Amino acid sequence: MATTAVRQPLSRVDARRKVTGTATYSAEHRIEGLLYGVIVNGTVARGTVSRISVDAALGHPGVLRVLTDFGKLQLAHPVDRLAFYGQPIAVVVAETLEAATHGASLVEATYERQDAVTDFDDPDIPSQTPEDEPDYSRGNPAGALASAQVKVDLELTSARENHNPIELPSTIARWQDGRLTLWDKTQWSQGAARTVAGALGIAVTDVRVHNEFLGGGFGSGIQTYDHVVLAAFAAREVDRPVKVVLTRRQFYYGTGFRPASRHRMTLGSTAAGRVSALVYEVRIENARYRTYTDGLTDLPKFLYGVPNTSTAYRITPIDVHSPASMRGPGVVLGNFALETAMDQLAHELAVDPLELRLRNEPTQDEVSQLPFSTRKLRECYETGARRFGWSRRRAKPGSRTDGDLLIGMGMATASYHNNRRDSSARARIHADGTAEVFAASADMGPGTTTSVMQVAADALGLPASAVTFRLGDSSYPTAPLHAAACTMASVGSAAHTTCNALKAEFIRRAVADPNSPLHGANPADVQVRDGQLETSGARDTYRDILRRAGLPSLDITGNWGPGDADSRISTYGYGAVFAEVSVDPLLGLVRVRRIFAAYDVGRVISPKLAHSQAIGGMVGGIGMALLEGTVTDHRDGRIVNASLADYLVPVNADVLDLDAAFINTEDPQGDPIGVKGLGEITIVGVAPAIGNAVFNATGKRLTDLPIRPEALL
């Protein structure tokens with residue numbers, strides 16, 4: 001099949017709307033009769049509300065209602081008691097945002113406090129083994145470790161991280177004739193519809209969710225949090241549309257976060273650098289009311305060919321909001337532990353860190369015992385090392401300087417499972433020759449609207465300018481959550497399959513139509529380019545086929561799913577990340593000079609958007625390595641730095657030189673368009689690459705994230 005749109009560096013089709021302000025985000029929709037809701041948050045981590053006074057708020061001009069009884073709502077946490085600091089205790093509804101905000105400040109509550117624990121390092125809180133993360137073992141890890149010639153044993157920590165996209169969580173809720181419409185900042189419109197319907201006790205068919213534009217997400221919009229349900233609840237109670245937008249501070253209290261973690265990584269090796277044993281133990285913070293787990297142990301037991309491996313995953317339930325997925329969930333932290341230990345082992349062995357990884361490349365997936373669909377990791381190492389200039393690295397830590405600065409280079413491997421999920425799409429060709437494709441997906445920034453359009457255009461044999469991908473509506477055909485790096489492989493494959501089916505239907509109609517120039521032709525011989533169907537010099541068009549049939553359009557709905565592929569193959573994306581840092585030994589300041597990464601992510605649909613994704617992941621990794629950390633006051637569970645003035649994220653001055661390359665490959669065993677997920681993997685290797693570069697610069701092995709200046713003084 002000739003491709004004309006896929007692999008082309010097209011600009012985002014919605015770019016002009018976004019930069020000119022005509023793209024409408026959830027909070028910006030103009031709804032007649034709109035009221036404003038402001039949530040009042042509880043100020044204890046554990047207890048009950050013994051008394052709540054709303055009279056002053058109700059007396060404030062413009063305030064219409066103060067809702068405090070949530071007893072009939074089915075929320076993720078208890079509604080009869082407080083399970084975390086910031087849990088909603090009231091919603092003030094008013095004619096203006098200013099009135100609602102001031103009214104919320106006038107609500108007074110008293111509490112019956114219970115002893116709360118918000119520090120998951122509290123020795124009195126026992127840890128648990130989650131049901132979906134059982135202990136894993138292969139071979140004889142204890143015996144292999146005891147007999148290993150070289151050992152590395154590291155304890156590592158990471159701070160809690162909060163999401164900080166530009167767009168704040170926002171919802172507009174409107175009821176009409178018993179049906180609910182939501183304009184919501186969600187990464188999963190159909191998941192939001194189900195959650196809200198369940199919380200309110202209504203049929204999911206009575207809920208429609210719009211989310212065409214999202215101003216970033218990073219996982220913060222996967223789950224449907226209290227503010228969404230409360231907006232719908234308030235709108236039903238007052239019988240008018242209600243908008244709820246969280247403040248930045250409420251964002252930290254009211255949604256999930258990347259949980260803090262504690263790790264112990266032990267490696268055993270031969271003197272020749274063959275890793276013979278790996279023992280990994282990890283513990284993360286959790287809420288008491290709900291269990292959250294992610295893929296922390298995935299890469300330690302998978303990435304290298306270690307015959308004797310064990311992992312143990314533990315959670316510590318405390319009085320906090322439940323954690324949630326954040327870019328590279330779990331995998332990014334497990335990989336930090338693994339790749340830091342691998343770098344330390346390379347140092348102990350006096351082996352180049354890249355060479356050590358090459359010596360431990362597996363021949364199959366050691367966990368599933370399945371063959372790899374594709375694993376171009378060696379090519380990633382080679383390309384990354386050459387483009388980065390890895391050969392200029394000095395093995396002895398602290399031996400390279402630039403004036404008063406210490407200079408270091410580090411690298412790390414990255415990987416992420418190629419997630420694919422069942423998805424559907426509807427494709428339609430209009431009488432004017434243009435086409436539309438519909439799916440209930442979302443686009444929080446990676447360019448899904450553009451890349452799916454490219455796939456659809458090539459499948460239909462149309463120029464990209466003639467195809468529009470419609471998303472952001474729960475009434476569209478089923479799509480998975482816009483997360484876990486599964487969108488392109490899933491929705492893109494559904495669009496590809498459906499568009500090919502629609503093209504085949506046009507071909508069938510043409511060859512069966514006595515009035516068509518293609519009448520009687522073999523359908524397999526018909527090619528479609530620029531909307532023209534042709535074979536052996538005869539031509540027909542989508543337009544003419546519809547005109548002769550008297551149809552304004554023709555559409556087909558199709559489905560795609562991975563089926564049993566994961567029982568036959570192991571399909572992952574891979575990457576090699578290289579970083580150079582400078583360290584000021586007098587101030588302890590680390591600056592990332594440059595990062596280069598090479599990725600095997602299958603077929604790259606849109607090179608420009610893929611490069612943008614890679615850079616974005618690197619920025620997030622810089623934040624994780626050097627800046628980001630949520631601070632909690634353990635006296636009451638309050639987040640101390642719940643603002644962008646106090647919670648540090650990278651700015652332009654922190655991201656001087658970021659670049660990436662992609663190995664030219666496809667993964668047709670994973671999905672029909674040959675792609676692998678890109679959104680998550682781009683952050684996975686960044687923090688350990690930076691940490692390993694800091695070690696190369698200073699000789700100090702830092703194992704706590706973020707790396708703080710005081711640790712280098």
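Parameters and conventions
Residues numbered from 1 in each chain as written. Predicted model: local features only at pLDDT ≥ 70, side-chain atom pairs only at ≥ 80, totals over all residues. Heavy atoms only, no water. Salt bridge = Lys/Arg side-chain N within 4 Å of Asp/Glu carboxyl O. Helix = DSSP H or I, 4+ residues; strand = E, 2+ residues; numbered from the N terminus. Buried < 20%, exposed > 50% of the residue type's maximum accessible area, 1.4 Å probe, protein only. Patch = residues over 30% accessible without salt bridge, like charges linked within 9 Å, V, L, I, M, F, W, Y side chains within 5 Å. Areas by Shrake-Rupley, 256 points an atom, 1.4 Å probe, with all protein chains shown as cover. Core = buried A, V, L, I, M, F, W, Y, C linked by side-chain atoms within 4.5 Å. Contact = heavy atoms within 4.5 Å. Axes fitted to C-alpha atoms, helices over the stretch in contact; angles between N-to-C directions. Parallel < 35°, antiparallel > 145°, perpendicular 65-115°, else oblique. Left-handed = near helix turned anticlockwise from the far one by under 90°. Nonpolar A, V, L, I, M, F, W, Y, C, P; charged D, E, K, R; others polar. Phe/Tyr/Trp six-rings, centres within 6.5 Å; stacked < 30°, edge-to-face > 60°. Lys NZ or Arg CZ within 6 Å of the ring centre and 35° of its normal. Expected span 1.5 Å × (residues − 1). Polar contact = N/O pair within 3.5 Å; in protein donor to acceptor, adjacent residues only side chain to side chain. Pairing = 2+ DSSP bridges.

Caption draft 1: Spotlight on the pattern of salt bridges. Tallied over the entire structure, the rule returns 37 salt bridges. Residue E237 pairs with R65 through a salt bridge whose shortest N-O separation is 3.7 Å. With E237 in helix α6 (residues 226–238) and R65 in strand β3 (residues 63–67), the pair connects residues that are 172 residues apart, well separated along the chain. When its relative accessible area of 34% is taken as the criterion, E237 is described as partly exposed. Accessibility expressed as a relative area gives 32% for R65, which makes it partly exposed. Between D343 and R701 there is a salt bridge, with its nearest N and O atoms 2.7 Å apart. You can see D343 sitting in helix α9 (residues 331–349) and its partner R701 sitting in the loop between α17 (686–698) and β29 (704–705), a full 358 residues away along the chain. Comparing D343 with R701, the two get one shared label, buried. A single network of salt bridges, built from pairs that share partners, joins R7, R603 and E666.

Caption draft 2: Up close: a nonpolar patch on the surface. Taken together, the side chains of L586, L587 and L589 define a hydrophobic patch exposed on the protein surface, amounting to about 310 Å² of accessible area. Secondary-structure assignment places L587 in the loop between β24 (572–584) and β25 (589–600).

Caption draft 3: Here's a closer look at the nonpolar core. Grouped together as the largest cluster of nonpolar side chains are 92 residues, with contacts concentrated most on M265, V581, I595, Y599 and I690. The element best represented in this core is α9, accounting for 11 residues. If sequence neighbours within four positions are ignored, V581 has contacts with L406, I407, G408, V590, R591, V592, R593, I690, A693, V694 and A697. In this structure, I429, L460, V528 and I605 belong to the second largest nonpolar core, which totals 47 residues.

Caption draft 4: Up close: the packing of helix α15 (residues 607–627) against α17. The interhelical angle for the contact between α15 and α17, taken along N-to-C directions, is 55°, at an axis separation of 8 Å. Here α15 lies oblique to α17, going by the angle between them. The crossing of α15 and α17 is right-handed. On the side of α15, the interface is formed by G617, M618, G621, I622, M624, A625 and L626, while α17 contributes V686, A687 and I690. Classifying every residue of the contact of α15 with α17 by side-chain character gives 8 nonpolar, 2 polar and no charged.

Caption draft 5: The arrangement of the packing of aromatic side chains in detail. What the rule picks out here adds up to 12 aromatic pairs. Ring centres of Y25 and F213 lie 5.8 Å apart, and the angle between their planes is 50°; this geometry places the pair in the tilted category. Within this pair, whereas Y25 is found in the loop between α1 (15–20) and β1 (35–41), its partner F213 is found in the loop between β10 (207–210) and α6, the two being separated by 188 residues in sequence. F213 shares its class with Y25; the two are buried. Note on F70 and F233: the rings are 6.1 Å apart at their centroids and 90° apart in plane angle, and the pair reads as edge-to-face. Here F70 is found in the loop between β3 and β4 (88–94), whereas its partner F233 is found in helix α6, with 163 residues between them in sequence. What makes F70 buried here is its relative accessible area of 8%. Cluster of aromatic residues (ring-pair linked, three or more members): F302, F372 and Y572. Directly above the aromatic system of Y136 lies the positively charged group of K301, at a separation of 5.0 Å from the ring centroid. Of note, R375 hangs over the ring of F372, and the distance from its end group to the ring centre comes to 4.9 Å.

Caption draft 6: The arrangement of helix α5 (residues 189–200) in detail. Taking 1.5 Å per residue, 12 residues should reach 16 Å; α5 reaches 16 Å between its end C-alpha atoms and fits that length. Across the 12 residues that make up α5, a large majority, 9, are buried. When we look at burial in α5, the residues that qualify are S189, Q190, G191, A192, A193, V196, A197, A199 and L200. The inward-facing, buried residues of α5 contact β8 (170–176), β9 (179–184), β10 and α6. A positive backbone phi angle near 75° is found at G201, which sits one or two residues after α5.

Caption draft 7: Spotlight on the environment of D432. Mapped onto the fold, D432 is located in the loop between β17 (423–430) and β18 (435–438). Taking the C-alpha atoms as reference, D432 lies 9.5 Å from R547; in sequence the two are 115 residues apart. At 2.7 Å, the side chain of D432 forms a polar contact with the side chain of T434.

Caption draft 8: Fine view of the sheet that holds β17. What the 4 strands build is an open sheet, ordered β19-β18-β17-β23; its pairing is mixed. Two strands close off the open sheet at either side, each with one partner strand: β19 (467–470) and β23 (553–560). The average angle at which neighbouring strand axes cross in this sheet is 20°, direction not considered. Judged from the 4 bridges that link them, β17 and β18 form a sheet pairing that is antiparallel. Bridging from a neighbouring strand, I429 pairs with A435 of β18.

Caption draft 9: Representation of the sheet that holds strand β22 (residues 538–541) within the structure. Pairing is antiparallel in the open sheet, where 3 strands are placed in the order β20-β21-β22. A single partner strand is all that each edge strand has here, and the edge strands are β20 (527–529) and β22. Shown here is a sheet whose adjacent strand axes are inclined to one another by a mean of 30°, direction ignored. Of the pairings in the sheet, the one linking strand β21 (residues 532–535) to β22 comprises 4 bridges and is antiparallel in character. The partner of Q532 across the bridge, within β22, is T541. Packed on one face of the sheet, helix α13 (residues 487–512) meets β20, β21 and β22 and runs near 60° to β21.

Distances and angles like these do not, on their own, reveal function.
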